[in-house]
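# Close look at the chain arrangement
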Amino acid sequence: IAMYRLSCQLIGHSEDVRAVTRGQGFFGTASRDKTAVVWTKSDTGTSFNIDVTLSGHAGFVSAICFIPPSQDHARGLLATGCIDKLIRIFDPQLQDPIQLLSGHDANVCALAAGQFGTLLSGSWDCTARVWLNGKTVMKLEGHTAAVWAVDMIADHGLMLTGSADKTIRLWRAGTCEREFIGHEDCVRGLAVISSSEFLSCSNDTSIRRWKVTGECVQIYYSHTAYVYCVAPVLNGPADFVSVGEDRTLRVWKGC
């Protein structure tokens, strides 16, 4: 079994960190302290420093995601989702938001960026929204509880939403094409691992691997409490990682 050790701690937030995203040459964190932070590696390369504190949130920040570079924003952008119902778009080098996206009726708790500047958001208002150029272009309705997780299979124009109603939905052009049923509690995280498969994690302590055609091909158990997040490890020594309420990060290999 591979051994892992803590390489450094990033200290800066005054309350718990709710989300992390990786950019190009930096990464961002979102916290209950009403801020998001951009971190860059120190000159020594052994630690990270706060580069910019992203402000303006009226409550705790639930979600953060990196929007890939474009012609207008060579370093990319950051989007944050907040309990104040707003999505804020930031240049990672500037403290104040450059754009506000309004439309959700409750906490924005999940974000994912797609191709051509599209953004997918999930909210406690039981909906997901697709944004382009600062406007809602699709409203995804059908879940009966909070939408805690979102992700995109961009190459195929597909979108995924996971909800506290225990289901996952697959959407194309604003229409639900498929419902995935199997989790026994709130779906907390989604991670696309290929054009045909994705992972989900849940308060039921399990992680599931799904085909986009509807089949659950494997269930993973090891966590002893809610599993909050799952993420693929690209070009790394593991297949994916997960984190949970049991205070552990687990590395999965050969799955």
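Sequence order as written defines the numbering, with residues in each chain counted from 1. Two thresholds apply to this predicted model, a pLDDT of at least 70 for residue-level local features and 80 or more for giving and counting side-chain atom pairs, whereas whole-chain, interface and lining totals are computed over all residues. Excluding hydrogens and water, the side-chain values take into account all heavy atoms of the structure.

## Regarding the overall build of the chain
Helix and strand labels come from DSSP, where a helix needs a run of H or I of at least four residues and a strand needs a run of E of at least two; each type is numbered from the N terminus. Across its full length, the chain holds zero helices and 23 strands. The size measure is the radius of gyration over C-alpha atoms, and the globule rule it meets is 2.2 Å times the number of residues to the 0.38 power. The C-alpha atoms of the chain give 17 Å as radius of gyration, which agrees with the globular expectation for 255 residues (18 Å, within 12%). The C-alpha extent of the chain, read off along each of the three principal axes, is 45 × 45 × 30 Å. In this description, contact between two residues means that some pair of their heavy atoms is separated by no more than 4.5 Å. Here the contacts in the chain between residues at least 6 apart in sequence split such that 36% fall between residues at least 24 apart. Only the protein chains shown count as cover for residues, with accessible areas throughout obtained via the Shrake-Rupley method and a probe of 1.4 Å. Carbon together with sulfur atoms contributes 49% to the accessible area of the chain, which is approximately 12,600 Å² in total.

## Topic: the pattern of salt bridges
For this analysis, a salt bridge means a side-chain nitrogen from Lys or Arg found within 4 Å of a carboxyl oxygen belonging to Asp or Glu. One pass over the structure, following the stated rule, counts nine salt bridges. For Arg 18, the salt bridge identified is with Asp 16, shortest N-O distance 3.9 Å. We classify Arg 18 as partly exposed; its relative accessible area is 31%. The cut-offs for exposure are 20% and 50% of the maximum accessible area for each residue type, with area from a 1.4 Å probe on protein chains only; residues under the lower value are buried, those over the upper are exposed, and the others partly exposed. The class of Asp 16 is partly exposed, set by a relative accessible area of 38%. Salt bridges linked by common partners bring Asp 16, Arg 18 and Arg 32 together as one network.

## Digging into unusual backbone geometry
In this model, Asn 133 sits at a positive phi of 55°, which is unusual for a non-glycine residue. Within the secondary structure layout, Asn 133 lies in the loop between β11 (128-132) and β12 (135-140). With a phi angle near 80°, Lys 166 is a residue other than glycine that sits in the positive phi range. Mapped onto the fold, Lys 166 is located in the loop between β14 (158-163) and β15 (167-172).

## Considerations on the pairing of strand β4 (residues 48-54)
Two strands pair when backbone bridges link them, and strand β3 (residues 36-41) and β4 are joined in this way by six bridges, in the antiparallel orientation. Its bridge partner being in β4, Thr 40 is matched across the sheet by Asn 49. The pairing criterion for strands is at least two bridges between them, as found by DSSP. Hairpin connection between β3 and β4: a loop of six residues separates the two successive antiparallel strands, and Gly 45 in this loop has a positive phi of roughly 80°.

## What about the sheet that holds strand β7 (residues 87-90)?
The sheet built from four strands is open, its strands ordered β5-β6-β7-β8 with antiparallel pairing. A strand with exactly one partner marks an edge of an open sheet, and here the two such strands are β5 (61-67) and β8 (99-101). On average, each strand axis in the sheet is tilted by 20° relative to the strand beside it, whichever way the strands run. Direction of pairing for strand β6 (residues 77-82) relative to β7: antiparallel, over a ladder of four bridges. Counterpart to Thr 80 in the pairing with β7 is Arg 88. Between N-to-C directions, angles cover 0 to 180 degrees, with each direction set by a line fitted to C-alpha atoms, over the stretch in contact for helices.

## What about the pairing of β7?
Residues Ile 87 and Ile 89 point to one face of β7 and Arg 88 and Phe 90 to the other, with burial holding for every one of them. In this structure, the hairpin formed by β6 and β7 is closed by a connection of four residues, where Lys 85 is found at a positive phi of approximately 80°. Judged from the three bridges that link them, β7 and β8 form a sheet pairing that is antiparallel. Across the sheet, residue Arg 88 finds its bridge partner in β8, namely Leu 100.

## Topic: the side chain of Arg 129
Tracing the backbone through its elements, the reader meets Arg 129 in strand β11. For Arg 129, which is buried and forms no salt bridge, the nearest opposite charge comes from Asp 125, at a distance of 5.0 Å. A polar side-chain atom of Arg 129 sits 3.1 Å from a polar atom in the side chain of Thr 136. Setting aside chain neighbours within four positions, we find Arg 129 in contact with Gly 103, His 104, Leu 119, Leu 120, Ser 121, Thr 136, Met 138 and Lys 139. Positive charges are assigned to Lys and Arg, negative charges to Asp and Glu, while His and the chain termini are left out of the count. Pairs of N or O atoms are called polar contacts if they sit within 3.5 Å, as long as, within protein, a hydrogen donor faces a hydrogen acceptor (for residues adjacent in sequence, only side-chain-to-side-chain pairs).

## Notes on the environment of Leu 199
By the secondary structure assignment, Leu 199 is in strand β18 (residues 197-202). Residue Leu 199 is classed as buried on the basis of its relative accessible area, which comes to 0%. Apart from the residues lying within four places of it in its own chain, the contact partners of Leu 199 are Gly 189, Leu 190, Ala 191, Ile 193, Ile 207, Arg 208, Arg 209, Tyr 220, Val 230 and Phe 240.

## What to know about the sheet that holds strand β22 (residues 240-244)
Strand order in the open sheet formed by three strands is β21-β22-β23, and the pairing between neighbours is antiparallel. The sheet terminates laterally at β21 (227-232) and β23 (249-252), the two strands that pair on one side only. Strand-to-strand twist across the sheet, computed as the mean angle between neighbouring axes with direction ignored, equals 20°.

## With respect to the packing of aromatic side chains
Think of it this way: a Phe, Tyr or Trp ring, Trp meaning its six-membered ring, pairs with another when their centres are within 6.5 Å, and the plane angle makes it stacked under 30 degrees, edge-to-face over 60, tilted otherwise. One pass over the structure, following the stated rule, counts 10 aromatic pairs. The lysine or arginine in question, Arg 32, covers the ring of Phe 60, its NZ or CZ lying 4.6 Å from the ring centre. We call a charge positioned over a ring when the NZ of a Lys or the CZ of an Arg lies within 6 Å of the ring centre and within 35 degrees of the ring normal.

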